[in-house]
Amino acid sequence: MNKLLIFDLDDTIFETKSIKKESVKPIFDQLEPLLINKFGTALTAQIIPELWKYPFDFVAEKYKFDKHQNTEFARFINEHEYKLNIRTFDDFSVVENLKQEKILVTTGFSKLQHAKIHYLGIKQKFSEVYIDNILSSERVFKKGIFQSILLERKIEPQLVYIIGDNPNSELKAGFELGLHTVQVAKFGQEKSDYANYCISNFNELIPILK
Ligand SMILES: [Mg+2]
């Protein structure tokens with residue numbers, strides 16, 4: 001049977017930090033007064049940079065954002081008109097040329113993740129795209145998405161490769177499900193215990209998939 005490749009998006013296919021601050025600044029400008037209201041100026045000044053750096057759900061959990069802050073932030077994200085000047089990592093052409101079926105599974109806010117995919121121009125490279133929506137009340141996380149893909153296709157776990165950068169997200173989920181896990185360490189990250197393989201360039205995928 002054919003192998004199935006499941007890719008992460010952020011910091012796997014493109015560098016998340018390459019999104020210019022000004023293209024999402026209005027969202028933070030709207031959020032700031034809400035945070036000041038709850039946390040005060042000093043703590044808000046600490047929280048905002050963390051929101052730039054870490055996934056929203058991580059920061060929201062750390063500071064115990066309430067439902068109002070979460071839903072308002074989601075609303076700002078979903079109402080913003082994105083114009084992103086972003087491009088894939090240079091070696092993404094290697095991925096494009098792989099003959100195996102490719103699926104994209106990405107965590108975040110739906111509209112923003114779709115905007116990234118649109119501006120990267122990569123949608124047609126994947127047979128399916130799944131968004132693990134951070135604030136969805138029915139969130140099954142990446143692990144649940146992987147399980148439903150396996151079930152739907154009745155594919156053997158040893159034919160599935162999870163390819164991504166995050167040890168605590170797709171790599172852990174894939175590892176726990178008995179799938180092959182390939183860590184993409186574009187920035188010299190240390191190999192995770194959840195990773196069967198660790199690569200810094202997509203060319204290294206070719207022998208792994210042999
Ligand atoms: Mg990632």
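See the structure shown above.
These notes cover the structure that comes with them. The structure displayed is predicted, hence computed values, not measured ones.

For the magnesium ion, every protein donor is listed as Asp8 (OD), Asp10 (O) and Asp165 (OD), and the spread of their distances is 2.1 to 2.2 Å. In primary sequence terms, the donor set of the magnesium ion follows D-x1-D-x154-D. Of this pair, aspartate 10 sits in the loop between strand 1 (4–7) and helix 1 (21–53) while aspartate 165 sits in the loop between strand 4 (160–164) and helix 7 (167–176), and the two are 155 residues apart along the sequence. An identical accessibility class is assigned to aspartate 10 and aspartate 165; each is buried.

Let's shift gears to the side chain of arginine 139. Tracing the chain through its elements places arginine 139 in the loop between strand 3 (128–133) and helix 6 (141–153). Side-chain polar atoms of arginine 139 contact the side chain of aspartate 57, separated by 3.2 Å. Apart from the residues lying within four places of it in its own chain, the contact partners of arginine 139 are Asp57, Thr107, Asp132, Asn133 and Ile134.

We now examine the nonpolar core. Counting residues in each nonpolar core, the largest one holds 51 residues, and the members touching the most others are Phe7, Phe65, Ile122, Ile163, Phe202 and Leu205. Of the residues forming this core, the biggest block, 10 residues, is contributed by helix 1. Counting only domains with at least three residues in this core, you end up with domain 1 (4–14 + 86–209) and domain 2 (20–79). Setting aside chain neighbours within four positions, we find isoleucine 163 in contact with Leu5, Ile6, Phe7, Asp8, Thr12, Val182, Val184, Phe202 and Leu205. In this structure, Ile103, Val105, Ile145 and Ile162 belong to the second largest nonpolar core, which totals 16 residues.

Calculation criteria
- Residues numbered from 1 in each chain as written.
- Predicted model: local features only at pLDDT ≥ 70, side-chain atom pairs only at ≥ 80, totals over all residues.
- Heavy atoms only, no water.
- Donors = N, O, S within 2.8 Å, 3.2 Å for Na, K, Ca; no water.
- Helix = DSSP H or I, 4+ residues; strand = E, 2+ residues; numbered from the N terminus.
- Buried < 20%, exposed > 50% of the residue type's maximum accessible area, 1.4 Å probe, protein only.
- Polar contact = N/O pair within 3.5 Å; in protein donor to acceptor, adjacent residues only side chain to side chain.
- Contact = heavy atoms within 4.5 Å.
- Core = buried A, V, L, I, M, F, W, Y, C linked by side-chain atoms within 4.5 Å.
- Domains from an automatic or database assignment.

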